[in-house]
Amino acid sequence: MPGLSLLKSILARKAPAQAETILSALRRTAQTGNETSVVGASLQVHPAFRSRIAEGTPDTVTPDINDTLRALFSGQPIADFHTHPGVTPFSVRPSQADLEGFSTVKPDKYWYNDSRFKPGENLPELRLMIATPNSGYPFPRPIIYPDVRTASMYFGTGDPSVTLSPRAYESARYELQRGLSKGRLGDYMSNPSIRAAVEEGVDMADMVGNMSPLAMMRHYDVNRGLAKSEINLGDVPLSDKSGLVDTDLFEFFTPKMLELLKGKKLAAGGFVIDKVNPYAA
C-alpha cells in the first residue's frame, strides 16, 4: 500500500476530526520544506473550532496554544501531528526535541493547578503522529522521489510521561548500540544487502542509533502493552548500490531489538506532559 494511503488509514481510525487539516499540513510541508503542526481533539470537533496549521522552520515548529488548550479540555484523545521535512532514513522517529516536549516540569504548575488533572492520573490519551512527504526542496519547485513513499508513524499512549521519556530513549540507544557491538542483534553481516551497504561505508552503529526511538515505541507496544504503534517508513535507500532501504533494515533488526529491550530495565521518566501543557514552568 502506498505510503500516503497508510497515513490516511491511520487518520481515518485514530484522528478523523483532524484528517483533512493534517493532510493539508503535509502538503504544505511538501511545498515549503518547513515543519508543520496540527493539534486537536481526535474524534469530533465543532466547525467553528477547527484546528489551524502551525508552520515553523525546516527544523522546528511550535504547536498552536489555543488548539492545544481546546484539545486538553475536549474530553477526547489528543491528536498531536507534526511533520519532519526531508527524505532521510527513519525520518519519522521522534527527535530529542520531540521527546523533551513531554519531559518533567514542576508539579505545582501542572495544567494551571486544575483539580481535574493530577500528576499521573486522568490524563487524556495522546495520539502522536509524525509524517514525511516524499519530496525535497530545491526551489522554486520541490523534487518528488518516485521510489520513496510518504513515511508516517503513529503512537497512541495513555502515559506519555513514561512512554516518551527522553532518559529512557537515551538508555535504549546506548543498550542497542552496545548490543550491536556485542553481537546480540544477530549476525547482520550474513544478510547480503546489509553486508553490501556496510562495504559501501554505511555505519551500522549509526543506523541502530537512528532506529532506536522507533524500536522503543515498538517495545512499549509489543513488550509492555503501554501504547499502540504503527510505523511506516519511506523505503529510503541507505547506500547507492546495495539496494538496502530503511524499511528492510528496520524489519531485519526489530525482533532482536525487542528481545534485547525486553530484558533491560531502562531509565524511568517523569510524570508531567510539558508539550500538552504550554503554561507549565
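It should be noted that the structure appears before, not after, this text.
Residues numbered from 1 in each chain as written. Predicted model: local features only at pLDDT ≥ 70, side-chain atom pairs only at ≥ 80, totals over all residues. Heavy atoms only, no water.

## With respect to the pattern of salt bridges
And then number 1: Within this structure, the stated rule accounts for eight salt bridges.
And then number 2: Of the charged contacts in the structure, one is a salt bridge between glutamate 259 and lysine 256, with a shortest N-O distance of 4.0 Å. In this pair, glutamate 259 and lysine 256 both sit in helix 9 (residues 246-262), three residues apart, roughly one turn of the helix.
And then number 3: Overall, glutamate 259 belongs to the exposed group, its relative accessible area being 55%. (Salt bridge = Lys/Arg side-chain N within 4 Å of Asp/Glu carboxyl O. Helix = DSSP H or I, 4+ residues; strand = E, 2+ residues; numbered from the N terminus. Buried < 20%, exposed > 50% of the residue type's maximum accessible area, 1.4 Å probe, protein only.)

## Focus: helix 9
And then number 1: For helix 9, spanning 17 residues, the distance from its first C-alpha to its last is 23 Å, which sits close to the expected 24 Å at 1.5 Å a residue.
And then number 2: Residue threonine 254 marks the point of greatest curvature in helix 9, where the axis turns by about 40°; the proline proline 255 follows within four residues.
And then number 3: Those residues of helix 9 that fall on the buried side of the exposure criterion are Asp246, Thr247, Leu249, Phe250, Phe253, Thr254, Met257, Leu258, Leu260 and Leu261. (Expected span 1.5 Å × (residues − 1). Bend = angle between axes of the 7 residues up to and from the residue.)

## Some remarks on the packing of helix 8 (residues 204-223) against helix 9
And then number 1: Where helix 8 contacts helix 9, the two axes come as close as 8 Å, and the packing angle between them is 60°. As helix 8 runs across helix 9, the sense of the crossing is right-handed. Every residue of helix 9 that contacts helix 8 at Met204, Met207, Met211, Leu214, Ala215, Met216, Arg218, His219, Val222 and Asn223 is listed here: Leu249, Phe250, Phe253, Met257, Leu258, Leu261 and Lys262.
And then number 2: Broken down by class, the residue content of the contact of helix 8 with helix 9 amounts to 13 nonpolar, two polar and two charged. (Axes fitted to C-alpha atoms, helices over the stretch in contact; angles between N-to-C directions. Left-handed = near helix turned anticlockwise from the far one by under 90°. Contact = heavy atoms within 4.5 Å. Nonpolar A, V, L, I, M, F, W, Y, C, P; charged D, E, K, R; others polar.)

## So, the packing of aromatic side chains
And then number 1: The tally for this structure, following the rule as stated, stands at three aromatic pairs.
And then number 2: Consider the rings of tyrosine 188 and phenylalanine 253, whose centres lie 5.9 Å apart with planes at 50°: the pair is tilted. Highlighted residues: tyrosine 188 in the loop between helix 6 (166-181) and helix 7 (192-199) and phenylalanine 253 in helix 9, separated in sequence by 65 residues. Per residue, the accessibility class of tyrosine 188 equals that of phenylalanine 253, and both read buried.
And then number 3: Measuring from centroid to centroid gives 5.2 Å for phenylalanine 252 and phenylalanine 253, while their planes differ by 85°, and the two rings are edge-to-face.
And then number 4: Put simply, the rings of Tyr188, Phe252 and Phe253 pair up and form one aromatic cluster. (Phe/Tyr/Trp six-rings, centres within 6.5 Å; stacked < 30°, edge-to-face > 60°.)

## Remarks on unusual backbone geometry
And then number 1: Phi at phenylalanine 90 is positive, roughly 55°, even though this residue is not glycine.
And then number 2: Residue placement: phenylalanine 90 occurs in the loop between strand 3 (78-83) and helix 4 (96-100).
And then number 3: A positive phi is found at aspartate 235, a non-glycine position, where the angle reads about 60°.
And then number 4: As for its position among the elements, aspartate 235 is in the loop between strand 8 (227-232) and helix 9.

## Observations concerning the environment of serine 161
And then number 1: By secondary structure assignment, the location of serine 161 is in helix 5 (residues 160-163).
And then number 2: Remark: the alpha-carbon pair of serine 161 and glycine 101, spanning 60 residues in sequence, is separated by 9.8 Å.

## Digging into the pairing of strand 1 (residues 36-41)
And then number 1: Most of strand 1 sits out of view: six of its six residues are buried.
And then number 2: Pairing of strand 1 with strand 2 (residues 54-55) involves two bridges; the strand directions are antiparallel. Bridging from a neighbouring strand, serine 37 pairs with alanine 54 of strand 2.
And then number 3: Across five bridges, strand 1 lies against strand 3 in antiparallel orientation. Of the residues in strand 3, the one forming a bridge with valine 39 is aspartate 80. (Pairing = 2+ DSSP bridges.)

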